[in-house]
Amino acid sequence: MTQLSERFSDLPEYAFPRLRRLLAGRIAGGPELSMSIGEPRHPIPDMVRQIVFENAADFARYPPNDGLPELREAISNWISRRHGINIDPDTEVCSVNGSREGLFNAGIALSPERRNGRQPIFLMPNPFYQCYGASALAAGAEPMAVNTSADGGFLPDFTSVPSSELERTTLCYVCSPSNPQGAVADEKYWRDLITLAERYDFQIVADECYSEIYRTTAPVGALETARKIGANPERVLSFQSLSKRSNAPGLRSGFVAGGRASVDAIRKVRSYGGAPVPVPLQKASTALWNDEEHVVENRALYRRKLEVADDLLGDLPGYTPPEGGFFLWLETDSGEATTADLYEKTGVKVLPGSYLARAVNGVNPGERFIRIALVADESDVTRGLTHIRSVILQRGAD
């Protein structure tokens, strides 16, 4: 019999196969509307089609693993405009094949095999993006999920982690705005976490792919905070993507920025096992990082849908208005039961919150929640949220 790796056996089953199994055999109670997956559906900027077409011959070339010089320059300039810090495009930036690929490879590239003579720990929020846990297991580390709750603003309190475990920590993953709750880390949060990381000598992996979707105030960046307080240059790495900012998830284009040694280590790993972005797509990415107009328009579309959510769900006791991102994290009596009920009564698909989290000390922080993606057009979102409101009120009355 073929022997398979046990390394990833500790990972929970991925969310969407679980959702398909939950709904299998159930009959949709209306036209199906998917609000379960965070795949942006706003129009991709027209410039992408034109640039890819004009440079299609470059698909015949092996793409540069680190990114075209003009792409890294565009990223560096965007960071300077957005966060007010200078990043060396030659040594402190690396193109990645979507932020997920970069976030996964960061653990392999950066974490030592032992920390203080013991197995290292990767800290992460709970709920968490599954690739954080996969990166930990690939690197031989222990994934440690720290529960989030409304009381803590849906951000993980890593200062609550015992010293004995912080002394084993090598990487700490943070998502801001968070997926799924839309919570935004402010400067104080980043300062406190960076100070903790300096004290215990671990690195912060800042997943900031939702940072350009916000209501009023642009989220503070982890890297800019680290530079502001004079932290170790290697202390923070920021990961970004064009998927959400530019409605281009199929472009598979993002970047990592941070200290030279860390970026160099990620580049080295990617040169063996990474997936470089094709040259025509790197050229399109360059244009997208150089343009802000389409981002402003995109943000306005999401802002209107968030206002619709406030109007339709704002009086429900389980509703917390998100500060950023395009998800709603809505508390119900039961995430799984509500998901099944909603589909059978209306055809609307959402995602049970427990599928994005794991039980810690017997508590799964997503158990009573559903995640709702506001990626469809405004009319479909309005229809879906109207159905969600109706079903939740009905369940509360039963």
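Figured I'd write up the structure that's included with this text. (Residues numbered from 1 in each chain as written. Predicted model: local features only at pLDDT ≥ 70, side-chain atom pairs only at ≥ 80, totals over all residues. Heavy atoms only, no water.)

## A word on the side chain of S238
At step 1: You can see S238 is positioned in strand β7 (residues 236-241).
At step 2: Side-chain polar atoms of S238 contact the side chain of E208, separated by 2.5 Å.
At step 3: When sequence neighbours within four positions are dropped, the list of residues in contact with S238 reads A206, E208, L223, F255, V256 and A257. (Helix = DSSP H or I, 4+ residues; strand = E, 2+ residues; numbered from the N terminus. Polar contact = N/O pair within 3.5 Å; in protein donor to acceptor, adjacent residues only side chain to side chain. Contact = heavy atoms within 4.5 Å.)

## Quick look at the packing of aromatic side chains
At step 1: Throughout the structure, instances matching the rule amount to 14 aromatic pairs.
At step 2: Seen from their ring centres, Y129 and Y132 are 5.7 Å apart, and the 90° between their planes marks the pair as edge-to-face.
At step 3: Since its relative accessible area comes to 24%, Y129 is described here as partly exposed.
At step 4: What links up through ring pairs into an aromatic cluster is the set F122, Y129, Y132 and Y173.
At step 5: Positioned above the aromatic ring of F327 is the side chain of R371, whose terminal nitrogen or guanidinium carbon lies 3.9 Å from the ring centre. (Phe/Tyr/Trp six-rings, centres within 6.5 Å; stacked < 30°, edge-to-face > 60°. Buried < 20%, exposed > 50% of the residue type's maximum accessible area, 1.4 Å probe, protein only. Lys NZ or Arg CZ within 6 Å of the ring centre and 35° of its normal.)

## Regarding the packing of helix α4 (residues 98-110) against helix α10 (residues 260-273)
At step 1: Taken N-terminus to C-terminus, the directions of α4 and α10 make an angle of 105°; their axes are 9 Å apart at the nearest point. The orientation of α4 relative to α10 falls into the category roughly perpendicular. Contact residues: E101, N105, A106, I108, A109 and L110 in α4; S262, A265, I266, V269 and R270 in α10.
At step 2: Residue classes in the contact of α4 with α10 are distributed as seven nonpolar, two polar and two charged. (Axes fitted to C-alpha atoms, helices over the stretch in contact; angles between N-to-C directions. Parallel < 35°, antiparallel > 145°, perpendicular 65-115°, else oblique. Nonpolar A, V, L, I, M, F, W, Y, C, P; charged D, E, K, R; others polar.)

## Some points on the nonpolar core
At step 1: One finds F158, W190 and L193 to be the most contacted residues of the largest nonpolar core, which totals 63 residues.
At step 2: For this core, the element with the highest residue contribution is helix α7 (residues 187-200), accounting for seven residues.
At step 3: Setting aside residues no more than four positions away along its own chain, L193 makes contact with F158, C172, V174 and I204.
At step 4: Core analysis: the next-biggest nonpolar cluster, separate from the first, contains 32 residues, A106, L171, C209 and V263 among them. (Core = buried A, V, L, I, M, F, W, Y, C linked by side-chain atoms within 4.5 Å.)

## Re the sheet that holds strand β9 (residues 327-331)
At step 1: Pairing is antiparallel in the open sheet, where three strands are placed in the order β9-β12-β11. At either margin of the open sheet sits one strand with a lone partner, and together these are β9 and β11 (351-352).
At step 2: Here two bridges tie β11 to strand β12 (residues 369-373), and the two strands are oriented antiparallel to one another. Within β12, the residue paired with P352 across the bridge is I370. (Pairing = 2+ DSSP bridges.)

## A closer look at the pairing of strand β3 (residues 121-126)
At step 1: Summarising burial for β3: six of the six residues are buried, a large majority.
At step 2: As judged from the six bridges shared by β3 and strand β4 (residues 142-147), these two strands associate in the parallel manner. Bridge assignment links P125 to a residue of β4, and that residue is V146.
At step 3: Handedness of the β3-helix α5 (residues 130-138)-β4 crossover: right-handed. (Right-handed = clockwise from strand over helix to strand, strands pointing away.)

## A closer look at unusual backbone geometry
Working note: non-glycine residues mostly have negative phi, and peptide bonds are mostly trans.
At step 1: Here the amide bond leading from N126 into P127 is cis, since omega sits at 10°, within 30 degrees of zero.
At step 2: Examined against the element boundaries, P127 turns out to sit in the loop between β3 and α5.
At step 3: Non-glycine residue D201 carries a positive phi angle of around 60°.
At step 4: Looking at the secondary structure, you find D201 in the loop between α7 and β6 (203-207).
At step 5: The partly exposed category is assigned to D201, whose relative accessible area is 48%.
At step 6: In this structure, N247 is a non-glycine residue whose phi angle is positive, near 55°.
At step 7: Along the chain, N247 turns up in the loop between α9 (242-245) and β8 (254-258).
At step 8: Residue classification places N247 among the buried positions, given a relative accessible area of 7%.

## Brief notes about the pattern of salt bridges
At step 1: Considering all chains together, one arrives at 26 salt bridges under this definition.
At step 2: Between R235 and E198 there is a salt bridge, with the nearest N and O atoms lying 2.8 Å from each other. Taken together, the residues span a long stretch of sequence, with R235 in the loop between α8 (222-228) and β7 and E198 in helix α7 at a distance of 37 residues.
At step 3: Note on E198: relative accessible area 32%, which makes it partly exposed.
At step 4: Ionic contacts of the salt-bridge type, sharing partners, join the residues D333, D341, K345 and R395 into one network. (Salt bridge = Lys/Arg side-chain N within 4 Å of Asp/Glu carboxyl O.)

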